[in-house]
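Chain by chain, the residues run as shown.
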Amino acid sequence: MTDLFSVAGKTVLITGGSRGIGATAARGYVEAGAHAIVSSRNADACERTADALSALGRCTAAPADVSTPDGVRALVEAVDRVAEGKLDILLNNAGVTWGAPLEDFPRKGWDKVLATNLTAVFQLTVAMLPALRRSASAANPARVISVGLVDGLRVSPFDNFSYGASKAGVHLLTRHLASTLADEHVLVNAIAPGAFRSDMTAFALDDEAAHAEIVAGIPLSRVGAADDIVGALLYLSSPASAYVTGTVLPVDGGVSGCA
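Residues numbered from 1 in each chain as written. Predicted model: local features only at pLDDT ≥ 70, side-chain atom pairs only at ≥ 80, totals over all residues. Heavy atoms only, no water.

If you tally the helices and strands in the chain, you get eight helices and seven strands. For 259 residues, the compact-globule formula gives about 18 Å, and the C-alpha radius of gyration of the chain, at 17 Å, lands near that figure. Considering only C-alpha atoms, the chain reaches an extent of 50 × 40 × 40 Å along its principal axes. Looking at the chain as a whole, 47% of its 259 residues are labelled buried. Within the chain, contacts between residues at least 6 apart in sequence are counted, and of these 70% link residues at least 24 apart. For the chain, the accessible surface area stands at approximately 12,200 Å², while carbon and sulfur atoms represent 54% of it. Side-chain charges in the chain split into 20 positive and 26 negative, and the spacing between the mean points of these groups amounts to 5 Å. (Helix = DSSP H or I, 4+ residues; strand = E, 2+ residues; numbered from the N terminus. Rg over C-alpha atoms; globule rule 2.2 N^0.38 Å. Buried < 20%, exposed > 50% of the residue type's maximum accessible area, 1.4 Å probe, protein only. Contact = heavy atoms within 4.5 Å. Areas by Shrake-Rupley, 256 points an atom, 1.4 Å probe, with all protein chains shown as cover. Lys, Arg positive; Asp, Glu negative; His and termini not counted. Charge placed at Lys NZ, Arg CZ, Asp CG, Glu CD.)

Printed below as a string of C-alpha cells:
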C-alpha cells in the first residue's frame, strides 16, 4: 500500500510554487521523496521557497513568468538542465485573480487572468510534452495536473468574472487534453479547490464576519488544510490513480457535491 501512493524519485514541476497551494504542494512532494522544481514570477520568493524545502529533500528553483512565451521556454530549459529533459508530473498551479463590478470590469482584468490561468496552462503543457513523453510508459504514466477551482464548477459569490471563467476553461481543457494524450500514457486531471488560506483569500478569511459566512456555506464546516491538497495531489500523481484521467476532483469540503 505504501508503494501504491508513492511518488519517491519522481520529478515534478510546480508553477506558482513559491506560495499558497503551490508551496504547500511543493512541500508535500518533497516530503514524499520527489524532486520538486518550483517556479514563479518572483525570483526571490522562488529561491526562498526552494532553499527552505531543500532542508527536507530535493527542491530546485526555476523562476519564470508562464504567461509569456519566454517564460515557457525558460521552464523547458530548466527541466532539460536539472532533470535531463524528463518530467514525471506537471502541476499547473500559477494563477491570478481580478475583481470588479460587472459594468466596471476592465478588459485588462479579463486578459491578464485568462492569459495566466488558462492560456499558460495550454501553452506550458504543450511545451512540456517532450519531457513528459520521455518519462511516460504504460506501466508508469506521466501526469499533468491543473489547479482549477470550485468557482469553475458553480457561480462565485464574488465579482471575479474572468477568474471563474478561466477555471471553468481549465476543467474542460483538462478533459480535452486527457482524451488527446491517453494513447501516449500521459494522464491529465485537475483538482478544484474550495476555500483554502492563501494570499488571494486572505482578504476574506482574515475578516471574522466574512470567514464565518464562508464556513457556514461549507458542508464540512471548515476551510481546507494543507493535507487536504497534498493528499489529493499525491493520489493523482501516484500509481493509485493509474486508471484515472480526464477527471476534475473537487477538494472543497462538499460545496460542489452537496449543493
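And the narrative resumes.
Our focus in this paragraph is helix H1 (residues 20-31). The first and last C-alpha atoms of H1 sit 17 Å apart over 12 residues, in line with the 16 Å expected at 1.5 Å per residue. Where H1 terminates, the next one or two residues include Gly-33, which has phi positive at roughly 95°. (Expected span 1.5 Å × (residues − 1).)

What follows is about the packing of aromatic side chains. Evaluation of the coordinates by the stated rule reveals one aromatic pair. With 5.7 Å between their ring centres and 85° between their planes, Phe-105 and Phe-161 make a pair best called edge-to-face. Of this pair, Phe-105 sits in the loop between strand S4 (89-92) and helix H4 (107-135) while Phe-161 is found in helix H5 (residues 161-181), placing the two residues 56 residues apart along the sequence. Using a relative accessible area of 16% as the deciding quantity, one classes Phe-105 as buried. Its relative accessible area of 33% is what places Phe-161 among the partly exposed residues. (Phe/Tyr/Trp six-rings, centres within 6.5 Å; stacked < 30°, edge-to-face > 60°.)

Taken in spatial order, the seven strands make up an open sheet running S3-S2-S1-S4-S5-S6-S7, and their pairing is parallel. The open sheet is flanked by strand S3 (58-61) and strand S7 (248-251), the only strands paired with a single partner. Between one strand and the next, the sheet's axes are offset by a mean angle of 20°, whatever the strand orientation. The strands that H1 touches are strand S1 (11-15), strand S2 (35-39), S3, S4, strand S5 (142-147) and strand S6 (186-193); relative to S1, the one it contacts most, it runs at about 170°. Here helix H3 (residues 69-82) sits on the sheet and contacts S1, S2 and S3; the angle it forms with S2, its principal contact strand, is near 155°. (Pairing = 2+ DSSP bridges. Axes fitted to C-alpha atoms, helices over the stretch in contact; angles between N-to-C directions.)

Take a nonpolar patch on the surface next. A surface patch of nonpolar side chains, amounting to about 330 Å² of accessible area, comprises Met-1, Leu-4 and Phe-5. Within the secondary structure, Met-1 sits in the segment before S1. Taking the relative accessible area as the measure of exposure, Met-1 reaches 75% and is therefore exposed. (Patch = residues over 30% accessible without salt bridge, like charges linked within 9 Å, V, L, I, M, F, W, Y side chains within 5 Å. Salt bridge = Lys/Arg side-chain N within 4 Å of Asp/Glu carboxyl O.)

Evaluation of the coordinates by the stated rule reveals six salt bridges. For the salt bridge of Arg-107 with Asp-111, the shortest nitrogen-to-oxygen distance reads 2.9 Å. Note that Arg-107 and Asp-111 are positioned in helix H4 at a spacing of four residues, about one turn of the helix. When the shortest N-O distance is used, the salt bridge between Arg-154 and Asp-151 registers 3.0 Å. On the basis of relative accessible area, Arg-154 is assigned to the partly exposed category, the value being 35%.

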